[in-house]
Structure formats: structure tokens, C-alpha cells
Amino acid sequence: MTPIARLLTTVLAGLALFLSLGAWSLSSPVGAAPDDDFHLASIWCGDGVREGLCEPGSDAKHWQVPNKIIQSTCYAFHPEVNASCQGPGYLDEGFRLAETDRLNAGSHQYPQGFYWWMSHLAGDNVAESTIAIRLVNAALFSVLMVGTWRLLPRRFRFTLSAGAALTAVPLAMFLIPSANPSSWSIISMAIMFPAMLGYLAARGWRAAALGGITVLSALLGLGARGDSAAYVVVAVCAALVLSFRRERDFFLRALLPVALVVLAVVAFLGAGQTGLAIGGMGHTPATSSRAALILANLLAMPNLWAGIYGLGWGLGWLDTLLQPVVWAGALLSVCGVLFVAFRWQGWRKLVAVLGVAAAALIVPLYILVSSNVVVGYEVQPRYILPLLTLLIATVLAPSEAPGGRERTGILLSGPQVWLIAGLLSVANAVALYGNMHRYTGQGTMRLSGQVAWWWHSAPTPLITWVIGAGAFAVTMAVFARSATLRARSDAPAGPSGSAGGSIPVAPSADAAPGASRDATGTASATASPESSPRTA
């Protein structure tokens, strides 16, 4: 592929990703994301007192915010009620101020970074400001995704793209283009870990650029949620274990991740959510022994993990249940990849994967037990979604081997990659329609666009769905195509001299002693066919 073709492919992927997320941003009304009344009010007051937008209330815990924010969730917990309950003039400019205590300015539960940045988009039209916030977050993820992909050494690109894709549908696709701080938390883990691997392996200006992306993505998480600070620490530890080399250059580079750990610890200890997590969320009295509660939660934990794919958990206020084909397609894809990855890849890989997996188990388990509740209460799938994205990426990531060589990551054939792309595309299309239909009511697929609720001046629901579903399919096609093209150039020759059909994430540790790295950190083998890694 020529440089121009690679650039056009990158632009196409970024545009398609943004359009797919943009369709999701239009698929639900103001207030549709979890606790959106709290988060929108926090955004309007994110920069302190602003006349006509955010003004002090009767005491320190109460503030005056647009009444449309408070009234936006009229459909919450009532799946039979569509978004027309907001009223015919809801999307118009103007509002009056009303008092509420549901905002961060009065409780300081969340870090202020997300709210402060998003407050610059808050204005006199609540609907337009909400769409602007959603589209900015969609653009942020799209730019970081394609930019990081272009900068990464080739062997880490599959870790980035597949790690994000395998945990995207439907929950991440819904939350990334939203006004919920979980948007930045998800973006942070999806980008930071692969970028850090690239930073520790690349050379020259690429290493500096990837280091900058690592810091930026970490700051996004630290500014959004308190638990993201803990996730940053886990991600740094996993990256250092996978990348460790007994070289002075590595120890110097490791200063940046270590600094991020220190910053994350400070942010974690200073976050209001930390106290809630340690002390337990809510005040539910204990009804069983601690041992029985731990066992019950361990047995039910897969339900929480599977919730990110829509199995047993709805979108929005947990009231938008999706068709089984959504979770079936997504889970089949991720389970297939995990099954292929289930083989020995060295002690470093084992330690990194077990460490992240332990975090994905222990973090929600501790909160559930300390809150005296079982899975289904207090802890939602969106809280641990960033950890699961990190876990999948860790499973897919190549690692250093003795002698400075890289171990091979998982091996997927071209048909396997295309099957995954197809399953995720179908799951996304069905999930997008289901979420849209929940709020528009009957007539979502009408060419006329006559539905119970929809945005002013936006494409009709049908056109929005077609664009969103098609753009996501294009994104998956670019992902699959780039993976298969790389397989043709990287796969070693088989016994008959033809290239194998599997997709190696990195050259094998069994490659010839003469293997060396090129400028981007990719190993190039000079071995005979007999010493080449097997493609299975």
C-alpha cells in the first residue's frame, strides 16, 4: 500500500468512526445517559457561577440550573414512555432556572476536569449544547484512535483496534458520544495502554508523540472519574511488565509511566468517589454473612461483565433492552478471540493478564461486598467497562522475550477477522436501531421521518440509522482489511513457499537470531524458512 493510500485509509477510518458515533449521539434525547440530569447540571456549573446558566441556590449544596435539565428524564425507568414527554418546546432555545442538589458542585463526587472542559459548550439552548458535547467527545475519540494507530509500531496496531472494537458494542458506542464522564474514562483506557506500549518500544519522534498521547489519555481519565485513577495504575503496571528490558533506555522511558502512577495515586486519594467505594455505596444493612456475600457475587460476576454487551443490562437508565443478536454477536466475537489467545505466551504475558483480570474481578467485588449488595445493585457495567477494554488489549498485546525479541500475539486468519467485523457490524446496527426506537416510538423506519420525537434540523431517524450502521461497517471493514494486508506482508512462508494466512501481532520469540528491528520497532527476520515461526 502506497503512503497516499495509507493516508486516505486512515482518513476514511477516522471519518467513518466519527459518523458512526455521531449517529449514536443523535439516537437518544437530552438526559438519556445514566444520571444525565446530574452530569448535565454539573457541566452547566462546571466553570462556577455564570449568570443565566448557573447561579447559587438556597445553600452550598443547591444550585440553580436550567429547568430543562431537571425535566429531561421524564422517560427514565419507563420504557413504554418515549421522549415526546419532554414537551413540544423542549428543543427550542430558552429556559428558566430551577434549584437542584443533583450536581457535582454540591457534592464533589467526581473530579472537576470533565465538567470544566465541557462547560465551555454549555449555552442557552440545552438541546444544541448537549449535541455539541456528544459530538466533541465522538471527535476526540476518533482523532485519538486514528492518530495513535498511525503512530504505533505495526505490531501494536491490532492491540489498539481490536481491543477497542471487541468492547465497543453496544455500551461504549452509547457512552463515548455522551455527556457522561464515563466517556472520557472509556477513551482513556482504550488509548492509553496501547500508546504506552508504543512509547516504550518506538524510537525518535514517534516515541515522543506516543508519550504525549499516553499522558493526554491518562489525564482524560483522571479528570473524569475517581476509579479511572486506579485503572491508570493497573494499565501502567501491565505495560511495564510486557515491555520490560534490562536497558538504560527502558529505565529512562519508564520515568514517564511512573510519574503517571504518582499522579494517579494523588487523584485517587483526592476523589470523592474513593470514599464512596471504600466505605460502600449506599447504606444497605447486611442480610447474610460476609463469606456468603462474597461467594454470591463471585458466582454472579459474569453477569456484570456481560452487561457491557447488553446481556441482562439495558442502555440509558438501564431501561433500553436490546435484541439478543446484539450480545450474541459481540460475545461470540470476544470469546472466539480469547479462545484463540489461550496458549502459552511467556511468564510476562501471564503476569500481566492475570493482574488486569484480578483487577476486573476484585474492584467490583470489593465495592459490592462493602455495600452489602449482590451483582445487579450499585455497581453497573459502565464502571468496569474501561477495565475490560484494558483486559482484552492486554490479552492481544505482544510482549518482550529474553534477548530483546518479541513474543507472538494471537494468530487470526483473514476469514476470522472478517467474521468478527461482520458480527460486530450487525450487532451495532441492531443496537443503534433499538436505542433509537426506544425514544422515537413507532415509525422509526419511515422515510417521512414522522415520529413521536426527533431533533430539529437533523436527518430523519431512518437516514441517521443508515449512516451510522453503514459508517460502523466501513470502520470494521477498514480494520479487517488492514489486518489481512499486514498478514500477507508479515506471515512467514509455509512449507510450499507460500505465505501463511494468519495474522501475527508480532514476530515470534522463536524467530531467527538474526532478527532485528526497523525504525518503527517492528522485527524483521533474516532467518531461513526452517527457523520461521509457525502460523498455526
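Here goes a summary of the coordinates provided. Quantities reported herein were computed from a predicted structural model and do not represent experimental measurements. Numbers given to residues run from 1 along each chain, matching the order in which its sequence is written. Local features are withheld for residues below a pLDDT of 70 in this predicted model, meaning they are given only at 70 or higher, and side-chain atom pairs are given and counted only at 80 or more; totals for whole chains, interfaces and linings count all residues. With hydrogens and water excluded, all non-hydrogen atoms of the structure serve as input to the side-chain values.

Below, the discussion takes up the pattern of salt bridges. Here, a salt bridge means any side-chain nitrogen of Lys or Arg that lies within 4 Å of a carboxyl oxygen of Asp or Glu. Under the definition given, this model contains eight salt bridges. The salt bridge involving Asp 249 is made with Arg 245; its shortest N-O contact spans 3.7 Å. Think of it in three bands: residues with accessible area under 20% of the maximum for their type are buried, residues over 50% are exposed, and the middle band is partly exposed, with areas taken using a 1.4 Å probe on protein chains only. The class for Asp 249 is partly exposed, based on a relative accessible area of 32%. For Arg 245, a relative accessible area of 5% gives the class buried. The shortest N-O distance in the salt bridge between Asp 319 and Arg 438 comes to 3.1 Å. On the criterion of sequence distance, the pair formed by Asp 319 in the loop between α15 (290-306) and α16 (324-341) and Arg 438 in helix α19 (residues 414-440) is long-range, its members being 119 residues apart. Residues joined in a network through salt bridges with shared partners are Asp 35, Asp 37, Arg 102 and Arg 382. Counting from the N terminus, the helices are the DSSP runs of H or I reaching at least four residues and the strands are the DSSP runs of E reaching at least two.

Okay, helix α7 (residues 154-165) next. The span one expects for a helix is its residue count, reduced by one, times 1.5 Å. For α7, spanning 12 residues, the distance from its first C-alpha to its last is 17 Å, which sits close to the expected 16 Å at 1.5 Å a residue. Burial of α7 is extensive: 11 of the 12 residues sit out of reach of the surface.

A few words on the sheet that holds strand β1 (residues 55-56). Strand pairing in a sheet relies on backbone hydrogen bonds, with the paired strands running either antiparallel or parallel. By the convention used here, strands pair only if DSSP detects at least 2 bridges between them. The strand order across the open sheet formed by three strands is β1-β2-β3, and the pairing between neighbours is antiparallel. This sheet does not close on itself; its edge strands, each paired only once, are β1 and β3 (97-100). Where strand β2 (residues 63-66) meets β3, four bridges bridge the pair, whose relative direction is antiparallel. Across the sheet, Val 65 pairs through a bridge with Ala 98, a residue of β3.

Here the focus is empty space enclosed by the protein. A 1.4 Å probe that fits into a set of points on a 1 Å grid over the protein atoms alone but cannot get out defines a cavity; an open set with protein on both sides within 12 Å along at least five of seven lines defines a pocket, and lining residues are those with an atom within 4 Å of a point. Grid points are joined across faces, edges and corners, and a volume is the space filled by probe spheres set on the points. Tallied over the entire structure, the rule returns six cavities of 30 Å³ or more. The calculated volume of the largest cavity comes to roughly 400 Å³. Surrounding the largest cavity, 25 residues form its lining, Leu 17, Met 145, Ser 161, Thr 475 and Met 476 being those nearest its centre. If you list the elements that add at least two residues to the lining of the largest cavity, you get α1 (3-26), α6 (126-151), α7, α8 (171-175), α9 (182-201) and α20 (461-490). The element contributing the most residues to the lining of the largest cavity is α20, with six residues. All residues other than Ala, Val, Leu, Ile, Met, Phe, Trp, Tyr, Cys, Pro, Asp, Glu, Lys and Arg, Gly among them, are scored as polar; the first ten of these are nonpolar and the last four charged. Its residues assigned to classes, the lining of the largest cavity shows 18 nonpolar, seven polar and no charged. If you add up the space inside the second largest cavity, you get close to 80 Å³. Lining the second largest cavity are Pro 34, Leu 171, Phe 174, Gly 307, Trp 313, Gly 314, Leu 315, Gly 316, Leu 318, Gln 380, Pro 381 and Arg 382. Only α8 and α18 (381-396) provide two or more residues apiece to the lining of the second largest cavity. Here the residues of the lining of the second largest cavity sort into seven nonpolar, four polar and one charged.

Okay, a nonpolar patch on the surface next. Put simply, a patch holds well-exposed residues, over 30% relative accessible area, that have no salt bridge, with like charges counted together within 9 Å and Val, Leu, Ile, Met, Phe, Trp or Tyr side chains within 5 Å. All accessible areas in this document rest on Shrake-Rupley with a 1.4 Å probe, and a residue is counted as covered only by the protein chains that are shown. A cluster of nonpolar side chains, contributed by Leu 15, Leu 19, Ile 463 and Ile 467, occupies part of the molecular surface with about 330 Å² of accessible area. When residues of the nonpolar patch are traced back to their parent elements, those giving at least two are α1 and α20. Within the secondary structure, Leu 19 is located in helix α1. Judged by its relative accessible area of 36%, Leu 19 falls in the partly exposed class.

Attention now moves to the pairing of β2. Pairing between β1 and β2: two bridges, direction antiparallel. Looking at β2, one finds that Glu 55 is bridged to Gln 64.

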